[in-house]
Amino acid sequence: MEFKDNIPIYLQIKQYLYRQIITGKLKPGKKIPSVRELAVELTVNVNTVQRALQQMNFEGILYTKRGEGNFVTEDTTLLEKTKRELINAELDKFVHSMNSLGVSDEQILKSLSEYLKEEHSDD
Amino acid sequence: MTNPLEITDLVYKKNQKKIITDLDLTLKPGKIVALLGENGAGKTTLMRIISGVAKNYRGSVKVAGFTKEADRKGHLSFTDGLTGFANSTKISNIVKFYQILYQDFNLKQFEQLRDFMNLKPDLRLSELSKGMKEKLVIALTFSRRADLYLLDEPFSGIDAMARKKIIKSIILWKQEKSTILISDHFVNEIAAVLDEVVIIKNKTVCMQKSTEAIRADNQSVEEFYESFYQREEEE
Amino acid sequence: MSEFNRLFNSFFKTKTKNFYIIILFQLIAALVITFFSYFNVANWQITRNTENNGAGFVPEWLLIFGILAFLLISFILIYTPIHSERYNRSQTWRLAAISDGQFYLANVLSTFVVFIYFIVLEIIPAIVLAFLAYFIDKPFQQGFHELLQAIHPSFDTRVFFIVIGTIMLAILSCFFLYFIISFLNFASQAIIDFVPANVNGAITKILHIFIICILIWFFFEINSIFIGNVLFSLITKMDFRIDYYSELPFAVLANTISDAILLFLNIFLINHFFEASEQNK
């Protein structure tokens, strides 16, 4: 995993973990790797991982069992919400860059559905 | 908790040349800090003064609250170039030396680190490549229990794989409360593991800042560091 | 184990590293020399050398071993303190968690202990060879008995004090040698560290040698003034007859004082000025 060096790394770690949770690599109710394991896996500072996990605990997507570590929440509505947020964030980026290319919202819709049709016929 | 390092008003001259002037530096416990600066900026000298092997300086240097050199040396672990050993010395004999000399040297930990670094104990110093030697130095340095670890340019002239190993070993073997100061003239490769950067310019510390604070300004640590030296070129 | 003991231990181990091999070689060398002086080897024929058969083979071996031992001990006496200066300059060693004064003491004391250890190591094979000679060689045995009879053990206090005094003097002189070598090293290097950086390397080296010469001259001056005028006038007032026995306490005192002064200077220099080297060796 490579991080962008001009965005706070704790934010990027959060993004990374959200994805892991949403794609099911980290399952609801299951323990996530320890702080040190994550730090080694991502080659980042332990303090930075700690900060990311603290925020995710605060948000409720993770919860801590004393002496056992961090676990993924089983709250499905919260998981759904997180997923939606992640999708929205990606769409935001997409629409934003399309707009900056001078593509209007209707054109985006049209291009996208055409594009998807082509892509799927390729499969 | 006392700070692992507190330096105030440090001045050091050698051969009538000022190498460090009015330097102040405080490091907090549990941090990984880069000491950045050009070659010859005084990074090695600063580490040597902290370790008490460079003499005749003025100012106060405290390691884990201790001023006396003997206590300082007992509370820090400095990467040494192993210059005190003949080239024919085997790794196992160097380890024996460390074991006798340092009461805080942990053989079990060294064996783990040695294993992690893929170093065979019967190799001789002359048989080690630059990367392997640096790995050995790091393994020896981290096998001591200290409040402050001083790594002097551990990444200079070694390949990417060795560098990754060393960085991973830093993350794996760092004790929670101990602080690591890593000197380098290049920051990109270690930026992700740093808590703070300390930049040395004009013989003193010109900036100390948290890496996440730098990134929060949408700047990369490298850009931030380079901006200090670019300004000089423009002037 | 205290830090001092740890360091002392490391010094001892490192400094005695090649001792066993040296002594083994010495034994073999003595054997080979004895063999060739004892036998003539020509055309693959070994004949007894008739010109040189005053002593038996084993006593001759012992004699040659003894001569080599004397040479080696003299060599070790001079070599070890010079070699030990490298540790004072080595960052690897100086990083030991100990004050520099104690570091220096550990280095110097270990040099002395190592020297004594070497002498003991030389004596052991000599004794073994002597025993061998005693049991194999009849003339040697006879000579030994004659020697024993010749010695009349007559211990009066005078002899006792001369022996003790001489041993003390020898030890003090040994340390004097160590201290003076360190002093020349420390003082000259400390002065060199004040020479402006833009002076080039060759000049610095010449300057280094020059400073050492000046220091030696300076030291002899101080010494002659100190011993010649100050201490000697004190002693002469006490009206000793000038012979070895009566001069012994004076010599021991003078040596102790100069050793103490040098040690103090060296500890001061290593604590405040004499740095470990950044470069290799």
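Position numbers for residues start from 1 in each chain and track the written sequence from start to end. Each chain takes a letter, starting from A, and each ligand takes a number, starting from 1, following the order in which they are written. In view of the model being predicted, local features appear only for residues whose pLDDT reaches at least 70, and side-chain atom pairs are presented and counted only at 80 or more, with totals across whole chains, interfaces and linings using the full set of residues. Note that water and hydrogens are dropped before the side-chain values are worked out from all heavy atoms of the structure.

By the naming in an unreviewed UniProt entry, chain A goes by GntR family transcriptional regulator and is assigned to Lactobacillus helsingborgensis.

1. Points about the overall build of chain A
This is how it is decided: The helix count covers DSSP runs of H or I at least four residues long, the strand count covers runs of E at least two residues long, and both are numbered beginning at the N terminus. Atoms considered for the radius of gyration are the C-alpha atoms alone. The globule rule reads 2.2 Å times the number of residues to the power 0.38. A simple rule labels every residue: compare its accessible area, found with a 1.4 Å probe on the protein chains alone, to the largest value its type can have, and call it buried under 20%, exposed over 50%, or partly exposed in between. Working rule for contacts: check all heavy atoms of both residues, and any pair within 4.5 Å makes them a contact. The method behind every accessible area is Shrake-Rupley, applied with a 1.4 Å probe, and residues are considered shielded solely by the protein chains displayed. His is not counted here, nor are the chain ends, while Lys and Arg score as positive and Asp and Glu score as negative. Charge positions come from single atoms, namely NZ of Lys, CZ of Arg, CG of Asp or CD of Glu.
Each helix and strand in chain A was counted, giving 5 helices and 2 strands. When the elements of chain A are put in sequence order from the N terminus, they spell out α-α-α-β-β-α-α. For a compact globule of 123 residues, the expected C-alpha radius of gyration is about 14 Å, and chain A comes in at 18 Å, more than 25% above that figure. For chain A, the spread of C-alpha atoms along the principal axes amounts to about 55 × 35 × 30 Å. Every one of the 123 residues in chain A was classed for burial, and the buried ones make up 33%. If you take every contact in chain A between residues at least 6 apart in sequence, the share linking residues at least 24 apart comes to 51%. In the structure as shown, chain A presents an accessible area of about 8200 Å², 53% of it carried by carbon and sulfur atoms. Positive and negative side-chain charges of chain A, numbering 17 and 19 respectively, have mean locations separated by a distance of 8 Å.

2. Notes on the interface of chain A and chain B
Selection rule: Buried area: the accessible surface (1.4 Å probe) lost by two parts on joining, summed over both. Just to be clear on terms, a salt bridge is a Lys or Arg side-chain nitrogen sitting within 4 Å of an Asp or Glu carboxyl oxygen. N or O atoms closer than or at 3.5 Å make up a polar contact, with two conditions inside protein: a donor-capable atom paired with an acceptor-capable one, and, for residues adjacent in sequence, both atoms drawn from side chains. Residue polarity is assigned by list, with Asp, Glu, Lys and Arg as charged and Ala, Val, Leu, Ile, Met, Phe, Trp, Tyr, Cys and Pro as nonpolar; anything else, Gly included, falls into the polar class.
Opposite the 17 residues of chain A that make contact, chain B presents 22 residues. Of the roughly 1500 Å² buried between chain A and chain B, counting both surfaces, carbon and sulfur atoms make up 49%. On the chain A side of the contact with chain B, A:Asp5, A:Arg36 and A:Val40 bury the most area, a combined 36% of that side's loss. Viewed at the interface, chain B and chain A are joined by 1 salt bridge. Salt-bridge contacts for A:Asp5 lead to B:Arg215; the nearest nitrogen and oxygen are separated by 2.9 Å. Applying the counting rule to chain A against chain B returns 13 residue pairs in polar contact (both at pLDDT 80 or more). Put simply, the parts of the chain that give the side of chain A that touches chain B at least two residues each are helix H1 (9-22), helix H2 (35-42) and helix H3 (46-59) of chain A. Of the residues that constitute the side of chain A that touches chain B, the class distribution is 8 nonpolar, 5 polar and 4 charged.

3. Digging into the domain arrangement of chain C
All names here are of chain C. What counts is decided by this rule: Each domain's extent is set by a domain assignment, obtained either automatically or from a database.
As assigned here, chain C comprises domain 1 (1-153) and domain 2 (155-281). Summed over both partners, the interface of domain 1 with domain 2 comes to about 2000 Å²; 68% of that surface belongs to carbon and sulfur atoms. It is Arg-89, Tyr-104 and Phe-112 that lose the most area in domain 1 upon contact with domain 2, and together they represent 35% of the buried surface on that side. Linking domain 1 with domain 2 are 7 residue pairs in polar contact (both at pLDDT 80 or more). Residue assignment for the side of domain 1 that touches domain 2 shows that the elements contributing at least two residues are helix H3 (57-89), helix H4 (91-94) and helix H5 (100-136). The leading source of residues in the side of domain 1 that touches domain 2 is H5, at 10 residues. Across the side of domain 1 that touches domain 2, the residue classes tally to 12 nonpolar, 5 polar and 5 charged.

4. Concerning the pairing of strand E3 (residues 32-36) of chain B
All names here are of chain B. Rules: Between any two strands, pairing holds if DSSP finds at least two bridges.
Most of E3 sits out of view: 5 of its 5 residues are buried. Burial of the side chains of E3 extends over both faces: Ile-32, Ala-34 and Leu-36 are buried on one face and Val-33 and Leu-35 on the other. As judged from the 4 bridges shared by E3 and strand E8 (residues 196-201), these two strands associate in the parallel manner. Its bridge partner being in E8, Val-33 is matched across the sheet by Glu-196.

5. Some words on the confidence of the model for chain A
Rules: Each residue gets a pLDDT score, which is the predictor's confidence in that residue and runs from 0 to 100.
Mean pLDDT for chain A: 87, with 97% of residues reaching 70 or above. Ranking the elements of chain A by mean pLDDT puts helix H5 (residues 105-122) of chain A last, at 83, and H3(A) first, at 91.

6. Topic: the pairing of strand E2 (residues 69-72) of chain A
Alignment of strand E1 (residues 62-65) of chain A against E2(A), held across 4 bridges, turns out to be antiparallel. Bridge pairing links A:Tyr63 to A:Phe71 in E2(A).

7. Details of the sheet that holds strand E6 (residues 148-152) of chain B
All names here are of chain B. Short version of the rule: A fitted line through C-alpha atoms serves as each axis, taken over the contacting stretch for helices, and the angle formed by two N-to-C directions is quoted from 0 to 180°.
Spatial strand order, E5-E6-E7-E3-E8-E9: 6 strands in an open sheet with mixed pairing. Each edge of the sheet is formed by a strand with only one pairing partner; in this case those strands are strand E5 (76-78) and strand E9 (204-210). The mean inter-strand angle of the sheet, taken between neighbouring strand axes irrespective of direction, is 15°. Of the strand pairs in this sheet, E6 and strand E7 (residues 179-184) are connected by 5 bridges, and their pairing is parallel. Across the sheet, residue Leu-150 finds its bridge partner in E7, namely Leu-181. Contacts between helix H1 (residues 43-50) and the sheet are confined to E3, E5, E6, E7 and E8, with E6 contributing the most and set at about 150° to the helix.

8. Some words on the interface of chain C and chain B
On the side of chain B, 31 residues touch chain C, which itself brings 35 residues to the contact. Counting the surface lost from both chain C and chain B, the interface buries some 2900 Å², and carbon and sulfur atoms represent 50% of this. Of all residues in chain C, C:Thr92, C:Leu95 and C:Glu275 bury the most surface against chain B, accounting for 24% of the area lost on that side. At the junction of chain C with chain B, the criterion picks out 4 salt bridges. Across the pair C:Asp100 and B:Lys55 runs a salt bridge whose closest N-O atoms are separated by 2.3 Å. Across the chain C-chain B interface, the total number found is 23 residue pairs in polar contact (both at pLDDT 80 or more). Contributing elements (two or more residues each) for the side of chain C that touches chain B: helix H1 (3-15), H4 and helix H9 (244-272) of chain C. Counting residues per element, the side of chain C that touches chain B draws most heavily on H1(C), which supplies 6 residues. Residue composition of the side of chain C that touches chain B, by class: 15 nonpolar, 11 polar and 9 charged.

9. Description of the domain arrangement of chain A
Residue and element names in this part refer to chain A. Domain parsing of chain A yields domain 1 (9-74) and domain 2 (77-119). Centre-to-centre, using C-alpha coordinates, domain 1 lies 27 Å away from domain 2. Across the boundary between the two partners, domain 1 contributes 11 residues, which contact 6 residues of domain 2. Of all residues in domain 1, Arg-19, Ile-22 and Ile-61 give up the largest surface area on contact with domain 2, accounting jointly for 57% of the area buried on that side. Across the contact surface, domain 1 and domain 2 share 1 salt bridge. In this structure, Glu-90 engages Arg-19 in a salt bridge whose closest nitrogen and oxygen atoms are separated by 2.8 Å. Applying the counting rule to domain 1 against domain 2 returns 1 residue pair in polar contact (both at pLDDT 80 or more). When residues in the side of domain 1 that touches domain 2 are grouped by element, the largest group, 5 residues, is from H1.

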